[in-house]
Amino acid sequence: WDMVRQSAQGGTQTQALAAAMVGPILLGAAQEVEEVVVSYREDDPASLLEDDGHIKLVALSVDRSDMVSKLLERRRRGANPISALSNGNFATINIRARLIPFVKRRFPPLVWVPQVTRRTLVDDLVAGLTVGVMAIPQAMSYAAIVGVPYVIGLYTAFVPVVVYAFLGTSRQLVVGPVAMESLLIASGLSGLLTESECPKWHAHGKSSLKSQSQLCPEEYTALVLATTFVVGLLETVSSIFGLGVLLRFLGKPVITGFTAGSAIVIMTSQLKDVFGIKIQNSETLQQVAKSIQAEAHHTSGLCVALALTFIAYLFFHRFVTRHRVLKRYLWWLQSLGPLIVVIIGVLMVRNSPYLQSKLKYVGHIPEGMPPARVPITSEMLGRVFPTAFGAFVVGDMEAIAIGKGLADKNGYSIDSTQELLAQGVANLVGSFFSCYTATGSFSRSAVNDRVGAKTQLAALISALVVMFTLLFLTSWFFWVPKFALAAIVITSVIPLVDIGSAIQLYKMSKKDFVVWLTAASLVMFLGILQGIAAGVALSLLIVIYETAKPQIIILWRIPGTTIYRNIKQESMGTFIPNVFICRLGSSLYFANVVYVKEMLLKYVEDLSDANNIEYMVLEMTPVVSVDYSASLVLEGVVRDFRRKGIELAFAMVGTRVRTSMARTGLLDVIGEKWFFNTVNEAVNYCLKHQRMKSTVAAVQNDIEAPIRGGSKELTAVDSHNSLVLLGSELSISNDLNSNHTVVFMNLEGDRPDVIADFLHRLKDMGFLLKGAHAEQFEAVSWRHRYFVQSPETGSKLSADEVLLLRARLGELLGID
């Protein structure tokens, strides 16, 4: 280090840096300098790319770049259905080139059937048999939630599965009856049968312990099938017109909150079969609790004991088959828990007259294929539409989310539009064959993937298992006890109450947690549809609030650099006298531009004493559009600020925004000279403008109008040759590099003695110098960057170490 000091004192900063690299090697010091770069503004910095260890940037050819540009533009236009239909380029379409991909997109088996091998065939066979066996008891349980005959659940686990297998793009997704859709339909259709359709229920009133589904099963089933038809129609129309984008407004907090609330409601709805009592059907917790309290004296102790035993077994079965060690040997049992419970229950009840007299069981299930029927009449459409719309939104959000997750895990992608079409056609066809609404099942899809399914052939095999059951085995399910089905439902939905997600939401975003809590609470205490509607409304209100109050990010300069950073991200920075710099955080439109104007005026007012504002620089990178209303308000802002003696400069304005400003005349009002490529250029121009303003004011005291802007604009600034130079400055940042603390120094003139002292102080403090960069600016000053690490951590300096280094270097440069 003494050699470094001596070589630096007699030479230049370049020699000092070179000595900094060579000195530690010669002296065997603990420092290891990985990179030292010295460049001059007047030289070509691109020559540095030729050195060893650097990567030379090679661009695509002009022709290939043009091709890429056209492909991206075609995709952009295709994302807008109106633009895609109206651009009028149909004559130029190569029909043959597009027909084959189109057919493959619409009929996915053309993609995966050629990929079937003996190995994938075996995998799909095992997965299909496993999922088919799992689907039978689940389908019966979920049919009970809806209130339709058990066989309707089996039909739903058969017909839609077959249709989806030929149209769906997910290779592991299994569609069919699911708990959420079942509860949503049951709650939405509750009490919708008219007096002429169900006179028994209306005669007893809403206080009847029997629901419309129990008193008028045929009429209620017709209403369920009509709902399925409308759901399928909504899905199909949405896929054709690209309306699936609307599903994005149902955010994750709404979905998880709705799911948690629904899971709790589903569990309480099964308590009647756990306790062996009759209770009034309801979709709210308080009504279910009141009904249970009224009927509690009829509770069957035998039924409760057996139900709790079955629930305990299902949890034990899940734990054992998923244990870190045991699952390697018992993986094939993972999906068989519900079937084992059903088999045990059937054997118990079938062979015990005593249990037959004390317990409720399923009873007769008709054999044979699903009967065909017309699912809807025009009179039903209005009644079922609200329920169908809710089922459409929730079901497709769930199915697409599951499909995307499985596709990411298995290394392929799904087409959301085609998924909507597949779900829609599956439900449309299913409604004609006595099926209720089907969607993607999380539990069966997870098992399907875990067992090894590679294609939708596995789903077809599972459908064949259900079909075989319908044809030959329905009589065997006559003795299935209802408490066993209740145990299956309860253990299936408990994992849906995801408290972990709620805790994570609370930590990350209080607003999202409020949405989650609102959706869950309203689902439990008001109803399913009310909870969904309130959750979506609250999400939209938050979106509107966020866009109506965009972020206005205050920027300050990192000393020793021309870098301007968010004051919340960079702890050490400086403001420019009389210049206020901020970044607008979103596009400007009629709903948010007034808020932006008010905030800018408040900032100017707040800083009137501390740093009187004469110039305001607006960094516009996030602003991708400005509508007509926003342009008018911005014009008013510019004129208002100029009357106050404040000029507005715009930095990093996109082409689209600039074109909009030109069309509305705003560009002419502002003036071309107030638009800049970077924030630094804008600040430099403001400082030049300020200097010229002072000079002209001193010389030309007879100017009639104010010199600040307006018609007497200072055009001399454009040709003014004065430089905006930095003085001696120092800053230290832990935010600009992931592994190093970055030291910035700006030195006036050639100061090798300062560099030598700086390196010596680094060595005294024991810090590691990992890289250095020096750049000469306009032959007047030098800008230095040093990359420093702590020897203890091999990474950035700690906060205390930064303060120590700041103090030592401040002494060196004479900076407080």
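A. Structural context of the overall build of the protein. Of regular secondary structure, the protein possesses 35 helices and 13 strands. Sorting the 816 residues of the protein into buried and exposed places 49% on the buried side. Relative to all contacts within the protein whose residues are 6 or more apart in sequence, the contacts with residues 24 or more apart total 76%. When the accessible surface of the protein is summed, it comes to about 39,700 Å², and 60% of that surface belongs to carbon and sulfur atoms.

B. Summary view of the pattern of salt bridges. Throughout the structure, instances matching the rule amount to 13 salt bridges. Here Arg-583 ties to Glu-619 by a salt bridge, and the two come within 2.8 Å at their closest N and O atoms. Taken together, the residues Arg-583 in strand β6 (residues 579–584) and Glu-619 in strand β7 (residues 615–619) connect sequence positions 36 residues apart. Here Arg-583 matches Glu-619 in class, with each residue buried. Lys-693 is the partner of Glu-614 in a salt bridge, and the nearest nitrogen-oxygen pair spans 3.3 Å. With a gap of 79 residues between them, Glu-614 in the loop between α29 (593–606) and β7 and Lys-693 in helix α33 (residues 679–699) connect regions that are remote in the sequence.

C. The arrangement of the packing of aromatic side chains in detail. Applying the stated criterion across every chain yields a total of 20 aromatic pairs. Ring plane angle 45 degrees and centroid distance 5.1 Å describe the contact between Tyr-361 and Trp-479, whose orientation is recorded as tilted. Here Trp-479 lies in the loop between α24 (457–472) and α25 (482–493) and Tyr-361 lies in the loop between α20 (353–358) and α21 (378–410), a separation of 118 residues in the sequence. Look at Tyr-361 and you get partly exposed, because its relative accessible area is 26%. For the ring pair Phe-478 and Trp-479, a centre distance of 4.8 Å and an interplane angle of 75 degrees mean the geometry is edge-to-face. Clustering of aromatic rings is evident, with ring pairs tying together Tyr-615, Trp-674, Phe-676 and Tyr-685. A cation over a ring is seen here: Arg-171 above Tyr-412, with NZ or CZ 4.8 Å from the ring centre. Of note, Lys-510 hangs over the ring of Tyr-506, and the distance from its end group to the ring centre comes to 4.5 Å.

D. Seen up close, empty space enclosed by the protein. Within this structure, the stated rule accounts for two cavities of 30 Å³ or more. Counted as a void, the largest cavity has a volume near 40 Å³. Residues of the lining of the largest cavity, tallied by class, amount to eight nonpolar, two polar and one charged. Quantified by volume, the second largest cavity comes out at close to 30 Å³.

E. Up close: the side chain of Gln-418. Summarising the element assignment, Gln-418 is placed in helix α22 (residues 416–431). Ignoring any residue separated from it by four or fewer positions in sequence, one finds Gln-418 in contact with Arg-105, Arg-106, Pro-108, Leu-167 and Thr-169.

F. Spatial organisation of the state of the cysteines. Applying the stated rule across the entire model yields one disulfide. Each disulfide pairs two cysteine sulfurs, and for Cys-198 the partner residue is Cys-216, the sulfurs being separated by 2.1 Å. Taking the torsion about the S-S bond as the criterion, the Cys-198 to Cys-216 disulfide, at about 85 degrees, is right-handed. Of this pair, Cys-198 sits in the loop between α10 (179–189) and α11 (199–204) while Cys-216 sits in the loop between α12 (212–215) and α13 (217–240), and the two are 18 residues apart along the sequence.

G. Region of interest: the packing of helix α26 (residues 499–508) against helix α27 (residues 510–525). Running from N to C, α26 and α27 point in directions that differ by 145 degrees, and their axes come no closer than 6 Å. Here Ala-502, Leu-505, Tyr-506 and Met-508 of α26 come into contact with α27, specifically with Lys-510, Asp-512, Phe-513 and Trp-516. Class assignment of the residues belonging to the contact of α26 with α27 gives a composition of six nonpolar, no polar and two charged.

H. Quick look at the environment of Val-579. Within the fold, Val-579 resides in strand β6. Among the residues examined, Val-579 registers a relative accessible area of 3% and is labelled buried. Those residues within four positions of Val-579 in sequence are excluded, and the remaining contacts are Asn-611, Ile-613, Tyr-615, Val-617, Cys-686 and Leu-687.

I. Structural context of the environment of Ser-445. The residue Ser-445 is located in helix α23 (residues 442–451) in this model. Ser-445 sits in the buried class, given a relative accessible area of 0%. Along the backbone, Ser-445 and Ala-459 are 14 residues apart, and their C-alpha atoms lie at a distance of 9.5 Å. In contact with Ser-445, other than residues within four places in its own chain, are Gln-172, Leu-173, Val-174, Ile-402 and Leu-406. In terms of polar contacts, Ser-445 uses its side chain to reach the backbone amide nitrogen of Val-174, at 2.9 Å.

J. Just unusual backbone geometry, in detail. Even without glycine at this site, Ser-434 takes up a positive phi of about 60 degrees. Secondary-structure assignment places Ser-434 in the loop between α22 and β3 (439–440).

K. Fine view of the sheet that holds β6. Pairing is mixed across the open sheet formed by six strands, whose spatial order is β5-β4-β6-β7-β8-β9. In this open sheet, the two edge strands, each paired with only one partner strand, are β5 (564–566) and β9 (675–676). Packed on one face of the sheet, α29 meets β4 (552–557), β6 and β7 and runs near 40 degrees to β4.

L. Just the pairing of strand β10 (residues 729–733), in detail. Most of β10 is tucked away: five of the five residues are buried. Two strands pair when backbone bridges link them, and β10 and strand β11 (residues 741–748) are joined in this way by five bridges, in the antiparallel orientation. The partner of Leu-730 across the bridge, within β11, is Met-745.

M. Geometry of the environment of Ala-294. With respect to the helices and strands, the residue Ala-294 is situated in helix α16 (residues 285–295). Sequence separation between Ala-294 and Ile-279 is 15 residues, and the spatial gap between their C-alpha atoms is 8.4 Å.

N. Inspection of a positive patch on the surface at higher detail. A grouping of Lys-200, Lys-210, Lys-278 and Lys-360 is seen on the molecular surface, where their side chains present a positively charged patch. Among the secondary structure elements, Lys-360 is positioned in the loop between α20 and α21.

O. Just helix α17 (residues 301–321), in detail. Here α17 spans 30 Å end to end across 21 residues, near enough to the 30 Å set by a 1.5 Å rise per residue. Cys-303, Val-304, Leu-306, Ala-307, Phe-310, Ile-311, Leu-314, His-317, Val-320 and Thr-321 are the residues of α17 that are buried. Buried residues along α17 sit in contact with α15 (271–275), α18 (327–330), α19 (337–350) and α25.

Quick notes on the rules
- What you see as residue numbers is a count from 1 along each chain, following the sequence as written.
- Reporting in this predicted model follows two pLDDT cut-offs: at least 70 for local features of residues, and 80 or more for side-chain atom pairs to be given and counted; totals over whole chains, interfaces and linings ignore these cut-offs and use all residues.
- Working from all heavy atoms in the structure, the side-chain values ignore hydrogens and water.
- Strands are runs of DSSP state E lasting at least two residues, helices are runs of H or I lasting at least four, and both sets are numbered from the N terminus onward.
- Between buried and exposed lies partly exposed: a residue is buried under 20% and exposed over 50% of the maximum accessible area for its type, with that area taken using a 1.4 Å probe on protein chains only.
- Contacts were defined at the residue level, with two residues in contact if any of their heavy atoms lie within 4.5 Å.
- Note on areas: these come from Shrake-Rupley sampling with a 1.4 Å probe, and a residue is covered only by the protein chains present in the view.
- Salt bridges are counted wherever a side-chain nitrogen of Lys or Arg sits within 4 Å of a carboxyl oxygen of Asp or Glu.
- Each Phe, Tyr or Trp ring, with Trp reduced to its six-membered ring, pairs with another whose centre is within 6.5 Å; inter-plane angles below 30 degrees give stacked pairs, above 60 give edge-to-face pairs, and intermediate values give tilted ones.
- Look at NZ for Lys and CZ for Arg. If either is within 6 Å of the ring centre and within 35 degrees of the ring normal, a charge sits over the ring.
- The distinction between a cavity and a pocket rests on a 1 Å grid over the protein atoms alone: a 1.4 Å probe fits inside a cavity but cannot get out, while a pocket stays open yet meets protein on both sides within 12 Å along at least five of seven lines, and a residue with an atom within 4 Å of a point counts as lining.
- Grid points are joined across faces, edges and corners, and a volume is the space filled by probe spheres set on the points.
- Classification convention: Asp, Glu, Lys, Arg as charged; Ala, Val, Leu, Ile, Met, Phe, Trp, Tyr, Cys, Pro as nonpolar; all other residues, Gly among them, as polar.
- Disulfide: a pair of cysteine sulfur atoms within 2.5 Å of each other.
- Fitted lines through C-alpha atoms serve as axes, helices being fitted only where they are in contact, and the angles separating the N-to-C directions of these axes extend from 0 to 180 degrees.
- Under this definition, polar contacts are N or O atom pairs within 3.5 Å; protein pairs additionally need one hydrogen-donor-capable and one acceptor-capable atom, and for neighbouring residues in sequence, both atoms have to be side-chain atoms.
- The criterion for strand pairing is that DSSP finds at least two bridges linking the strands in question.
- Patch members must show over 30% relative accessible area and no salt bridge, and they are joined within 9 Å when carrying like charges or within 5 Å when they are nonpolar side chains of Val, Leu, Ile, Met, Phe, Trp or Tyr.
- For the purpose of counting charges, residues Lys and Arg are taken to be positive, whereas Asp and Glu are taken to be negative. His and the chain ends are not included.
- Each charge is placed at NZ for Lys, CZ for Arg, CG for Asp and CD for Glu.
- For a helix, the expected span equals 1.5 Å multiplied by the residue count minus one.

By themselves, these observations are geometric and do not establish any function.
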